[in-house]
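# Architecture and fold: a report
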Amino acid sequence: MTRDSLLNEDWASVVTQLGGAAQLESSARQTKAFVRQRRIPDAVALLRLMLAYCLGERGLRSTAAWAASVGLANLSSVALFYRLRQCGDWFTLLVERLLAAAAPKASRGRLIRIIDATTVPQAGPAARKNSELWRIHSAFDLPYERFGHFELTDQQEGETFDRIPVVKGEIRIADRAYLQPDRISAVLEAGADVLIRAGWKNARWLDAKGCPLDLIAELRAGNARGLIDRPIWIKRKAGAPLAMRLIAVKKSADAAAASRRKARRDAQDENRTISKETLEAADWVILVTSLAPDEFTVEDVLALYRLRWRIELGFKRLKSLIGLKTPPGTDPRSAKPYLLAHLLIILLLEPLVREFEDSPHWTQAA
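Residues numbered from 1 in each chain as written. Predicted model: local features only at pLDDT ≥ 70, side-chain atom pairs only at ≥ 80, totals over all residues. Heavy atoms only, no water.

## Some remarks on the side chain of Thr 278
By the element assignment, Thr 278 lies in helix α12 (residues 276-281). What Thr 278 contacts, discounting residues up to four positions off in sequence, is Trp 200, Lys 201 and Ala 263. (Helix = DSSP H or I, 4+ residues; strand = E, 2+ residues; numbered from the N terminus. Contact = heavy atoms within 4.5 Å.)

Shown next, in the form of structure tokens:
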């Protein structure tokens, strides 16, 4: 089954996965995406028409002509665009229902949830000039190998660690952009464990007495062994310091050299002088976690963090397999359903992709 076949020979299967014609009709009317027939016979035809435009290479006129040629609907390109603008809430509901149908239950074992976001540019000269973006906040769930949450915003909405609802008992994994102590605390209080990549200076590190802790000094002290596993605390804006476990593992010579080169390039691009401490920290993988050492060894924690590449693979599917790109036009009312249509299709395709896709294998911490 491919993206194109979903709109043609496998269309009946798509309708079934989305709950059937009656449920689609009900949800379309509930969200006012489909109010009366008027040139489109029913909600199933409306969905097929919208997906054909959003996922295909045709423009509005060509899609309208295609719909007339196959007997699907007879409407102008202007009418097609108007219908698209009415579909945002409907597509949101369809995506939510697909996600809910696959939601893991706590009794089925511990969920690993990888948090990240990806972006696509907004269209139009003004948007390009101001670097305006659409941001898709996501969670990728393991062992189910599928997206478990999507939220669509513009670039004004930042990446926050507690944005996505917690499944009690989950292990939430994220990169260093999500080292947000107060938001981490909220996730812990909701019943999850966390594992987050850290930079040497993107937190206010404290010792057991609440005094500032020099992380670089800790790394230097651990040089000979190449490993640090100790309690650490992080200062919060409000409330008591966040008690965590610090794990730092020295990289291989090749990986460390590559990290230092990247750090130098980044500093040059930003027209700043790189510090000696930044170069020292580049030799290490630095992680903070709430996972207890008597349950999760250092090797276990590293193996868990290496799973983070899975969400990158999921984003790759969105942008290559499904063709997620800048939505046409500048109106959010049309951009939102356009992007949601792609999210809807990746949820339909994911189970099939996993059957045929080889998984990469990591052997070295990045």
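## Describing the pairing of strand β5 (residues 193-197)
Of all five residues in β5, five are buried; the element is thus mostly enclosed. Burial of β5 is two-sided: the residues Asp 193, Leu 195 and Arg 197 facing one way and the residues Val 194 and Ile 196 facing the other way are all buried. Inspection of the sheet shows strand β4 (residues 171-174) paired to β5 by four bridges, in the parallel sense. The residue of β5 that forms the bridge with Arg 172 is Val 194. (Buried < 20%, exposed > 50% of the residue type's maximum accessible area, 1.4 Å probe, protein only. Pairing = 2+ DSSP bridges.)

## Remarks on the state of the cysteines
A full pass over the atoms with the stated rule returns zero disulfides. Between Cys 87, a cysteine without a disulfide, and Cys 54, which holds the nearest cysteine sulfur, the sulfur-to-sulfur distance is 8.1 Å. By relative accessible area, Cys 87 is classed as buried at 0%. (Disulfide = S-S within 2.5 Å.)

## Quick notes on the packing of aromatic side chains
Within this structure, the stated rule accounts for six aromatic pairs. Between Tyr 53 and Tyr 338, the ring centres sit 6.5 Å apart and the planes meet at 70°, which makes this aromatic pair edge-to-face. With Tyr 53 in helix α4 (residues 43-55) and Tyr 338 in helix α15 (residues 332-356), the pair connects residues that are 285 residues apart, well separated along the chain. The pair Tyr 53 / Tyr 338 is uniform in exposure class, with both members buried. Ring centres 4.8 Å apart and planes at 35° place the aromatic pair Phe 147 and Phe 150 in the tilted group. Residue classification places Phe 150 among the buried residues on the basis of a relative accessible area of 10%. These aromatic residues form a ring-pair network of at least three members: Phe 140, Phe 147, Phe 150 and Phe 315. If you follow Arg 172 out to its NZ or CZ, it ends over the ring of Phe 161, 5.8 Å from the centre. (Phe/Tyr/Trp six-rings, centres within 6.5 Å; stacked < 30°, edge-to-face > 60°. Lys NZ or Arg CZ within 6 Å of the ring centre and 35° of its normal.)

## Focus on the sheet that holds strand β7 (residues 227-234)
Taken in spatial order, the nine strands of this open sheet run β3-β2-β1-β4-β5-β9-β8-β7-β6, and their pairing is mixed. Single-partner strands in this sheet number two, and they are β3 (146-154) and β6 (205-206). Across the sheet, helix α9 (residues 181-189) lies against β4, β5, β7 and β8 (242-250), angled at about 105° from β8, the strand it touches most. (Axes fitted to C-alpha atoms, helices over the stretch in contact; angles between N-to-C directions.)

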